[in-house]
Amino acid sequence: MKSLEELRAIKAKMQNSVQLRGVEDADSVIRVVVGMATCGIAAGARPVLNKFIEEVQNRGLKNVLVTQTGCIGVCRLEPIVEVIMPTGEKTTYVKMNPDKVAKIVHEHLVNNRAVEEYTIGNADK
Amino acid sequence: MKELSLNILDIANNSVKAKASKIEICVTESKKDDFVSVDIADNGCGMDEQMLLRVIDPFVTTRTTRKVGLGIPLLRQQAIDTDGHFDISSKPSKGTKVHADFRLTHLDRPPIGDIASTVVSLIFASPDIRYIYKHKTDSGSFMLDTDQVKEQLGDIPLNEPEVITWLTEYINENLQCIEGGKI
Ligand SMILES: Nc1ncnc2c1ncn2[C@@H]1O[C@H](COP(=O)(O)OP(=O)(O)OP(=O)(O)O)[C@@H](O)[C@H]1O
Ligand code: FES
Ligand SMILES: [Mg+2]
């Protein structure tokens, strides 16, 4: 059975890496924004958000910042995720699910190639 | 919503938007008394009476883009549809309380679902808010207070992925102990 004291061990282990993150160049941060308004949540945004958190941890991607926002504006395409590269270039992914997250993390966040087939531009094709 | 835990996430997000610094989430399951209840209380900006009347009016929305009702009417409808009750009270600058209960054995009652996921999503998104999550069942109760988590972590942020993963496991283990969240 886990107890809260175990967090101290995590703390000790993390202190160094957190400091690293602190000095990291803000210019290299990739932002992942998940739409979490009522319609996004109803469409499955929560497992999408959690999959991003999990993948980012498993791969140790220190330059990826996962955040959430309210309404992104196109209910029928929810769950919607925006990926904003350090250059400011923004890609909007629609009808997301955890499997798509795994692919986007690998192709886009790690290898810097947007996954065209999941983008809003391809939504109705 | 497919799971009550998704309604909880949605309603608690209202509290986040209302600039609450403390949000309490209480889930009670009772097979004995045949109900599941959800209580969400915050100390955010609250609403005046006029606004309160407007938000409980089901499916009155000025938006045309939605396929589902607004968060509050949706939860209210789901509670009423399963022979349950809904209640909301609020005071400007004091905070808001939302209560919903459902008949546990009603065929249309959504499952509680992945409540740990909901709680950690909330913590992840707004680590500065103090979350108090209580879960009661016929066989016991569990409580998580993020202030106690912070006490252990010191200056490590609550929303570090590693901490979030640990918290998910912690919640799930404790729920298992009280046989919670499975219905
Ligand atoms: N806890 C709260 N504190 C203060 N105001 C609230 C609270 N909950 C709801 N409100 C008010 O009631 C309105 C309606 O809430 P509701 O959840 O039904 O829809 P919404 O939050 O506006 O949109 P959505 O949930 O679909 O993203 C909110 O916009 C807000 O003004
Ligand atoms: S209300 Fe559906 S995307 Fe905003
Ligand atoms: Mg809402």
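The shown structure was predicted, so the numbers you read here are calculated from the model rather than taken from an experiment.

Draft legend 1. Looking closely at the overall build of chain A. Secondary structure summary: chain A contains four helices and four strands in total. Starting at the N terminus and ending at the C terminus, chain A contains elements arranged as α-β-α-α-β-β-β-α. For chain A, the proportion of its 125 residues judged to be buried stands at 45%. Sequence separation of at least 24 residues holds for 64% of the intrachain contacts in chain A that already meet a minimum separation of 6. A total of about 6200 Å² of accessible surface is found on chain A, and carbon and sulfur atoms cover 48% of it.

Draft legend 2. Quick look at the packing of aromatic side chains. Residue and element names in this part refer to chain B. Evaluation of the coordinates by the stated rule reveals three aromatic pairs over all chains. With centroids separated by 5.8 Å and ring planes inclined at 70°, the aromatic side chains of Phe142 and Tyr170 adopt a geometry described as edge-to-face. Of this pair, Phe142 sits in strand 6 (residues 140–145) while Tyr170 sits in helix 6 (residues 161–177); the two residues are 28 residues apart in sequence, bridging distant segments of the chain. In this pair, the class of Phe142 matches that of Tyr170, namely buried. Between Trp166 and Tyr170, the aromatic rings sit 4.9 Å apart at their centres with planes inclined by 15°, giving stacked as the arrangement. One end of the pair is Trp166 and the other is Tyr170, both in helix 6 and four residues apart, which spans about a single turn. Residue class for Tyr170 comes out buried when judged on its relative accessible area of 9%. A network of ring pairs unites the aromatic residues Tyr133, Phe142, Trp166 and Tyr170 as a single cluster.

Draft legend 3. Representation of the interface of chain A and chain B in the model. Contacts between chain A and chain B engage 31 residues on the former and 44 residues on the latter. For the pair chain A and chain B, the summed buried surface comes to about 3500 Å²; carbon and sulfur atoms form 62% of the total. Contact with chain B buries surface across chain A, with Lys2, Leu4 and Arg46 of chain A losing the most and accounting together for 21% of the total. Along the contact surface separating chain A from chain B lie four salt bridges. Its salt-bridge partner being Arg46 of chain A, residue Glu3 of chain B comes within 2.7 Å of it at the nearest N-O pair. Between the two partners, chain A and chain B, sit 13 residue pairs in polar contact (both at pLDDT 80 or more). Those elements that provide at least two residues to the side of chain A that touches chain B are helix 1 (6–23), helix 2 (38–43), helix 3 (45–58) and strand 2 (64–69) of chain A.

Draft legend 4. Quick peek at unusual backbone geometry. In this structure, Pro79 of chain A follows Glu78 of chain A across a cis peptide bond, with omega equal to -10°. Even without being glycine, Asp83 of chain B reaches a positive phi, approximately 60°. Structurally, the position occupied by Asp83 of chain B is in the loop between helix 3 (71–81) and strand 3 (85–91). Within the chain, Ser93 of chain B stands out as a residue other than glycine whose phi angle is a positive 60°.

Draft legend 5. Expanded view of the nonpolar core. Formed by 82 residues in total, the largest nonpolar core has its most connected members in Phe52 of chain A together with Tyr133 and Leu144 of chain B. Not counting residues within four places of it along the chain, the set of residues in contact with Phe52 of chain A comprises Val32, Val34, Val66, Val81, Met96, Val101, Ile104, Val105 and Leu109 of chain A.

Draft legend 6. Focus on the sheet that holds strand 6 of chain B. Residue and element names in this part refer to chain B. On the basis of which strands lie adjacent, the open sheet formed by six strands has the order 3-4-2-1-5-6 and mixed pairing. The outermost strands of the open sheet, each flanked by one partner alone, are strand 3 and strand 6. For this sheet, the mean inter-axis angle between neighbouring strands, taken without regard to orientation, is 5°. For strand 1 (residues 22–30) and strand 2 (residues 35–42), the ladder comprises eight bridges, and the chain directions are antiparallel. Among the inter-strand pairings, Ile23 is bridged to a residue of strand 2, identified as Asp42.

Draft legend 7. Layout of the pattern of salt bridges. Tallied over the entire structure, the rule returns 15 salt bridges over all chains. Ionic pairing is found between Lys51 of chain A and Glu55 of chain A, a salt bridge with its closest N-O pair at 3.5 Å. Taken together, the positions of Lys51 of chain A and Glu55 of chain A, both in helix 3 and four residues apart, correspond to about one turn of that helix. The shortest N-O distance in the salt bridge between Asp145 of chain B and Arg130 of chain B comes to 2.6 Å.

Draft legend 8. Focus on the confidence of the model for chain B. Residues and elements named next belong to chain B. Averaged over every residue, the pLDDT of chain B is 91; the share at 70 or more is 93%. Mean pLDDT across the secondary structure elements of chain B bottoms out at helix 2 (residues 49–56), with 84, and peaks at strand 2, with 98. Reported confidence for the predicted complex is 0.84 by ipTM and 0.90 by pTM.

Rules of the game
Residues numbered from 1 in each chain as written. Chains lettered and ligands numbered in written order. Predicted model: local features only at pLDDT ≥ 70, side-chain atom pairs only at ≥ 80, totals over all residues. Heavy atoms only, no water. Helix = DSSP H or I, 4+ residues; strand = E, 2+ residues; numbered from the N terminus. Buried < 20%, exposed > 50% of the residue type's maximum accessible area, 1.4 Å probe, protein only. Contact = heavy atoms within 4.5 Å. Areas by Shrake-Rupley, 256 points an atom, 1.4 Å probe, with all protein chains shown as cover. Phe/Tyr/Trp six-rings, centres within 6.5 Å; stacked < 30°, edge-to-face > 60°. Buried area = accessible area lost by both parts, 1.4 Å probe. Salt bridge = Lys/Arg side-chain N within 4 Å of Asp/Glu carboxyl O. Polar contact = N/O pair within 3.5 Å; in protein donor to acceptor, adjacent residues only side chain to side chain. Core = buried A, V, L, I, M, F, W, Y, C linked by side-chain atoms within 4.5 Å. Pairing = 2+ DSSP bridges. Axes fitted to C-alpha atoms, helices over the stretch in contact; angles between N-to-C directions. pLDDT = per-residue confidence, 0-100.

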